[in-house]
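Geometric and topological summary
Below, each chain spelled out in residue letters.
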Amino acid sequence: MAEEDFTASSLDDAKLLSAYQKTRKSLIERLGNWEDQKSWDEFYRTYWRLIYSVALKAGLRSEEAFDAVQEVIVVVAKQTQKGQYDPKQGSFKSWLMQQTRWRINDQFRRRAKDTAMRKDMDDERSTATMDQFEDTEGNHLERVWDIEWKKHIVDKAIARVKSQVTPKQFQIFDCYVVKDWGVRKTMNELGVSVAQVYLAKHRVGGLLKQEITSIENSLR
């Protein structure tokens, strides 16, 4: 993932970029000299935000969330190499969610064993958060995962569409459709005609739907 994918306009963004790069380097080292190391680097760049976001919403700290990301990728890589993932047993989405859930719980267990860290946290709140993600049905995590998964799909589709249209067309679509500016404001702010607004809406919107469907089908 290129650095441009981050908006390094704040300290938090810079820290996130630094943690991402550090985790990616460590992951590549852990994967060793596997023939498919390049593929796993691509897999990491594709899914790290999804796993990281879910881990944060589960209650992990940023560094813990990145540890969970790395553990998920390593486990998925090893299980895939051994042929332990069987598409006939369930969707990739559900399989990845389960791997993420287990790694999140691992982080909570490690936190609980760290006496020094336990002094700085609210035990009651931490226990409640962990219980949420260890419930039998896993309903709370599934809801969070579904939301983040959909966002992941849309973000990926948008990245693909951006390479198929002009920056101006995407800007018009973003302002008119995503930001809901309305026709007149979009025309005035961007200096475009009504025809350009509707053309961008039709073209970009159509491509976006196609890409979302394509990505969803490829991940079933």
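These numbers come from a predicted model, not from an experiment.

On the secondary structure map, Arg103 appears in helix H4 (residues 92–113). Along the backbone, Arg103 and Gln70 are 33 residues apart, and their C-alpha atoms lie at a distance of 9.3 Å. Non-local contacts of Arg103, meaning those with residues more than four positions away in its chain, are made with Ala68, Glu71, Val72 and Val75.

Before going further, it helps to examine the packing of helix H8 (residues 167–178) against helix H10 (residues 194–218). Following both chains from N to C, one finds H8 and H10 inclined at 95°, their axes separated by 8 Å at the closest point. By the angle between their directions, the pair H8 and H10 is classed as roughly perpendicular. On the side of H8, the interface is formed by Gln169, Phe170, Ile172, Phe173, Tyr176 and Val177, while H10 contributes Gln196, Val197, Tyr198, Leu199, Ala200, Lys201, Arg203, Val204, Gly205 and Leu208. When its residues are assigned to classes, the contact of H8 with H10 shows 11 nonpolar, 3 polar and 2 charged.

Quick look at the packing of aromatic side chains now. Going through the model one piece at a time under the given rule, you end up with 9 aromatic pairs. Between Trp48 and Phe66, the ring centres sit 5.6 Å apart and the planes meet at 15°, which makes this aromatic pair stacked. Residue Trp48 is located in helix H2 (residues 37–58), and its partner Phe66 is located in helix H3 (residues 62–81); the two are separated by 18 residues in the primary sequence. For the pair shown, Trp48 and Phe66 are each scored as buried. Judged by centre distance (4.5 Å) and plane angle (40°), the rings of Tyr52 and Phe66 are tilted. One end of the pair, Tyr52, is in helix H2; the other, Phe66, is in helix H3, and 14 residues separate them in sequence. Take Tyr52 and Phe66: they sit in the same class, and that class is buried. Grouping aromatic residues by their ring pairs yields a cluster made of Tyr47, Phe92, Trp95, Trp145 and Trp149. Lying across the ring of Trp181, Lys185 places its NZ or CZ 4.7 Å from the centre.

Once that is clear, we can look at helix H7 (residues 139–162). Here H7 contains 24 residues, and its C-alpha end-to-end distance of 35 Å stays within 8% of the 34 Å for a straight helix at 1.5 Å per residue. Of all the positions in H7, only Leu141, Val144, Trp145, Glu148, Trp149, His152, Ile153, Ala157 and Val161 are classed as buried.

Our focus in this paragraph is the packing of H7 against H10. Where H7 contacts H10, the axes come no closer than 9 Å and their chain directions differ by 125°. Classified by the angle their axes make, H7 and H10 are oblique. You can see that H7 and H10 cross each other, and the crossing is right-handed. Along the contact surface, H7 presents Ile153, Val154, Lys156, Ala157, Ile158, Arg160 and Val161, while H10 presents Val204, Leu207, Leu208, Glu211, Ile212, Ser214, Ile215 and Glu216. Looking at side-chain class alone, the contact of H7 with H10 contains 10 nonpolar, 1 polar and 4 charged residues.

Criteria and thresholds
Residues numbered from 1 in each chain as written. Predicted model: local features only at pLDDT ≥ 70, side-chain atom pairs only at ≥ 80, totals over all residues. Heavy atoms only, no water. Helix = DSSP H or I, 4+ residues; strand = E, 2+ residues; numbered from the N terminus. Contact = heavy atoms within 4.5 Å. Axes fitted to C-alpha atoms, helices over the stretch in contact; angles between N-to-C directions. Parallel < 35°, antiparallel > 145°, perpendicular 65-115°, else oblique. Nonpolar A, V, L, I, M, F, W, Y, C, P; charged D, E, K, R; others polar. Phe/Tyr/Trp six-rings, centres within 6.5 Å; stacked < 30°, edge-to-face > 60°. Buried < 20%, exposed > 50% of the residue type's maximum accessible area, 1.4 Å probe, protein only. Lys NZ or Arg CZ within 6 Å of the ring centre and 35° of its normal. Expected span 1.5 Å × (residues − 1). Left-handed = near helix turned anticlockwise from the far one by under 90°.

Read these as spatial facts, not as claims about activity.
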